[in-house]
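Working through the structure, step by step
If you want the building blocks of each chain, they are given just below.
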Amino acid sequence: MKHVNPTRIVLALTVGLAAAWPAAAQQVTMMTGPQGGSWIPLGGALKHMWEQAVPGLRIQQTPGAGVANVRGVDEGKAQIGFANSASTVDGLEGRPPYTKKVTKVCQIANLYPQYFQVAALADAKIQSYADLKGKTLVTQPKGNTSEVLTAEVLKLNGMSYQSLAKANFQASYNDAVAMMKDGHVQVMTLGTTAPASAVMDLASARDMHLVPVDDKTIAGLQKENPGYQKLVIRAGTYPKQDKDVPVIGYSTHIVAACDLPEDVVYKMTKAMAQNVDAMAAVVKPITGLTPKAMAANIGVPLHKGAEKFYKEVGAL
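Residues numbered from 1 in each chain as written. Predicted model: local features only at pLDDT ≥ 70, side-chain atom pairs only at ≥ 80, totals over all residues. Heavy atoms only, no water.

Moving on: the environment of Ala194. Here Ala194 lies in the loop between strand E7 (187–192) and helix H7 (197–205). Taking the C-alpha atoms as reference, Ala194 lies 16 Å from Val177; in sequence the two are 17 residues apart. Setting aside residues up to four positions removed in sequence, Ala194 forms contacts with Tyr115, Gln117, Ile233, Thr237 and Tyr238. (Helix = DSSP H or I, 4+ residues; strand = E, 2+ residues; numbered from the N terminus. Contact = heavy atoms within 4.5 Å.)

Here it is in structure tokens:
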């Protein structure tokens, strides 16, 4: 029998295995949102969609928040993240709470509007942001988008956290609602969809209302960051809400590491555009999302893979 070099057999097997596995096989981390928000379930839908669309792609989901996710992608701790348009632009500019400019974060797609909601117990007598003085409040941990916005809103109204009876910082919306239900705090702030499941939960247990934003606060915010806009939560969105409430708004979008392979991001973007109904089944405001709206410029550079898809379908 002819002698066969065992190294050749191993080499042939290795080459055969490499051919059998897709070249794109890779594990990536996606940072989503806090418990009780819409980003965790939507992240689950995207994970399923993307793993089917990109052969060999495996996505690990971890909880997060707008600012933390942008930092995570910039620092290489994650490759994909949910984010908020206004605070991502702050990151690109190197404004607080960021300590330096983020340079490795690229835009994949805009998804839907986010509403900064200030929910107050009816007996707290909070009718405007100015009425927050001397009250007990709960928001998200320091550095999260809605916490940054809470601090900014207080500042624009001549206050700080020291102007409150007490400020609490909770990562979970569900924990914040529990504090409201128990009467430990009088007002909570959160940035999410409307209706938000956390606010619906609170409204089912306690008399509460949303505090409207005033024109002076919106103008002050927009002067600092054009990513903020005035949105309206329509009457009837929540139980006993009998009138429209103007609030601060911004967009939820998906960001990725700029060095994530172009082909992977192209397929991810295409899968999203082709499965809008699947995303809307999880977050209703995504209904009717178009490639043009996904590609709209929010001041964050497009990833080359996303740009390729949008150009292909005439959205750019």
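Before going further, it helps to examine the state of the cysteines. Under the criterion given, the structure shown has 1 disulfide. Between the sulfur atoms of Cys106 and its disulfide partner Cys258 the distance amounts to 2.1 Å. As the torsion about the S-S bond is roughly 100 degrees, the Cys106-Cys258 disulfide counts as right-handed. One end of the pair, Cys106, is in strand E4 (residues 105–121); the other, Cys258, is in the loop between strand E10 (245–257) and helix H9 (262–274), with 152 residues separating them in the sequence. (Disulfide = S-S within 2.5 Å.)

Another point: the pattern of salt bridges. This structure, assessed with the given rule, holds 12 salt bridges. Residue Lys47 pairs with Glu51 through a salt bridge whose shortest N-O separation is 2.8 Å. With Lys47 and Glu51 both in helix H2 (residues 39–53), this residue pair falls 4 residues apart, about one helical turn. The partner of Asp123 in a salt bridge is Arg206, and the shortest N-O contact between them spans 3.8 Å. (Salt bridge = Lys/Arg side-chain N within 4 Å of Asp/Glu carboxyl O.)

As a further point, take the packing of helix H6 (residues 173–181) against H7. Interaxial distance between H6 and H7 falls to 9 Å at its minimum, and their mutual angle equals 20 degrees. When the axes of H6 and H7 are compared, the pair comes out roughly parallel. Note on packing geometry: the crossing formed by H6 with H7 is right-handed. Between H6 and H7, the contacting residues are Tyr173, Val177, Met180 and Lys181 on the first element and Ala198, Asp201, Leu202 and Ala205 on the second. When its residues are assigned to classes, the contact of H6 with H7 shows 6 nonpolar, no polar and 2 charged. (Axes fitted to C-alpha atoms, helices over the stretch in contact; angles between N-to-C directions. Parallel < 35°, antiparallel > 145°, perpendicular 65-115°, else oblique. Left-handed = near helix turned anticlockwise from the far one by under 90°. Nonpolar A, V, L, I, M, F, W, Y, C, P; charged D, E, K, R; others polar.)

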